[in-house]
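The chain contents come next:
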Amino acid sequence: MYDVIIIGAGPAGVSAAVYAKRGGLNVLVIAKDTGTLEKAKKIENYYGFKSITGEELYRNGLEQLKHLNIELVKDEVVQLNYTKKFEVTTVNNVFESKYVVLATGVSRNVPNIRGIKEFEGKGVSYCAICDAFFYRNKNVAVLGSGNYAIHEAEILKPVAKSVTLLTNNEKLVENRDIDLNVNEKKIREVRGYDKVDEVVFDDDTKEKVNGIFVAIGTASTNDLARKIGARVENNNIVVNENLETNVPGLYACGDCTGGILQISKATYEGTKVGLEIINKIKNGKK
Ligand SMILES: Cc1cc2nc3c(=O)[nH]c(=O)nc-3n(C[C@H](O)[C@H](O)[C@H](O)COP(=O)(O)OP(=O)(O)OC[C@H]3O[C@@H](n4cnc5c(N)ncnc54)[C@H](O)[C@@H]3O)c2cc1C
């Protein structure tokens, strides 16, 4: 079991990992890709660099992890649980730790489909493990086309009457041996009266569903927070002054906590989280 698992290898995650490791902790970093830095083509306001690309800075961060012998797993986290210890599930594995740090960047996986926002909490859900229970023997759809969508569909399958993957014109992720209904048509809107009733496609066909689980792309920060009951407000994870969420032992840092969405703020918060967890472990609080 690790002392701490850090999800994300951007400025926040790497800073947290560097401090935690140098403080003597057993650290694992899990990250799926370059994150927001991929889009930052020219950074000219970060201390010590006249100009650097986001890609370069990310690669430097990974080099720093390697230099300190910090374990890095390149994988996508799809589930987060707590029962006496944290369990972090990726597409390929399950890892355990005493503490978890969300350093997953900003959340933005709400699809721009008419009806989705309107029916949130009335048939539209963002968490299969949280809400599957409400859809026993009902017809549900999962909206998405990647590993995360398949993971959510697999949770729903034993509970719901039927589960259909709606890819909304995207190609379903390859190399998966799955037994699910798949509908790849483009979605026009989600309709219902006081709750979700049907999905209407661009070719005027319809699919009757009682619920839609949104799982587009990768599990976003908000998705992961919801799975474990961490409070989210205005798309940001709510943390106290020590950057701990309302779930004891679960911390968040960087863009996912909101405020100034800049590298300097992400590295500061990563540093603070690393030091906080060292203190907790050294004082035997967990
Ligand atoms: C176009 C653009 C230009 C910018 N220019 C600047 C600039 O000039 N100066 C500046 O200071 N800031 C700039 N920024 C902002 C800066 O990039 C962010 O503030 C910073 O990257 C935030 O760091 P972070 O570690 O919080 O998140 P990120 O850098 O987004 O890192 C998130 C990490 O989490 C991982 N992750 C997310 N979900 C999962 C999951 N489910 N499973 C596994 N891993 C996951 C990602 O793969 C990634 O490794 C810019 C941003 C954009 C979009």
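Residues numbered from 1 in each chain as written. Predicted model: local features only at pLDDT ≥ 70, side-chain atom pairs only at ≥ 80, totals over all residues.

Student: Is there a simple way to think about the domain arrangement of the protein chain in this case?
Tutor: Many structure descriptions define interface size as the accessible area lost when the parts assemble. The domain architecture assigned to the protein chain consists of domain 1 (2–108 + 219–282) and domain 2 (124–214). At the level of secondary structure, the elements contributing two or more residues to the side of domain 1 that touches domain 2 comprise β4 (77–83) and α5 (221–228). Of the residues contributing to the side of domain 1 that touches domain 2, the split by class is three nonpolar, two polar and four charged. (Domains from an automatic or database assignment. Helix = DSSP H or I, 4+ residues; strand = E, 2+ residues; numbered from the N terminus. Nonpolar A, V, L, I, M, F, W, Y, C, P; charged D, E, K, R; others polar.)

Student: Mind showing me how you'd approach the pairing of strand β1 (residues 2–7) here?
Tutor: Consecutive side chains along a regular strand alternate between the two faces of the sheet. Among the six residues that make up β1, six are buried, leaving the element largely enclosed by the rest of the structure. Direction of pairing for β1 relative to strand β6 (residues 94–102): parallel, over a ladder of five bridges. In the sheet register, I5 faces β6, and the bridge partner there is V100. The sheet contact formed by β1 and strand β2 (residues 27–31) spans four bridges and is parallel. Residue pairing in the sheet places I6 in a bridge with V29 of β2. Each parallel crossover has a hand, and the one from β1 via helix α1 (residues 11–22) to β2 is right-handed. (Buried ≥ 20, exposed ≤ 12 C-beta atoms within 10 Å, placed from the backbone. Pairing = 2+ DSSP bridges. Right-handed = clockwise from strand over helix to strand, strands pointing away.)

Student: What is the right way to look at the site of the ligand in this model?
Tutor: In the vicinity of the ligand there are 34 residues, among which G8, G10, G35, G105 and G254 approach most closely. Tallied by class, residues from the shell around the ligand come to 16 nonpolar, 13 polar and five charged. (Near = placed C-beta within 6 Å.)

Student: I'm lost on the pairing of β2 in this one. Help?
Tutor: Within β2, four of the five residues are buried, which leaves it mostly tucked inside the rest of the structure. For β2 and strand β3 (residues 71–74), the ladder comprises four bridges, and the chain directions are parallel. Note on β3: the bridge partner recorded for A31 is K74.

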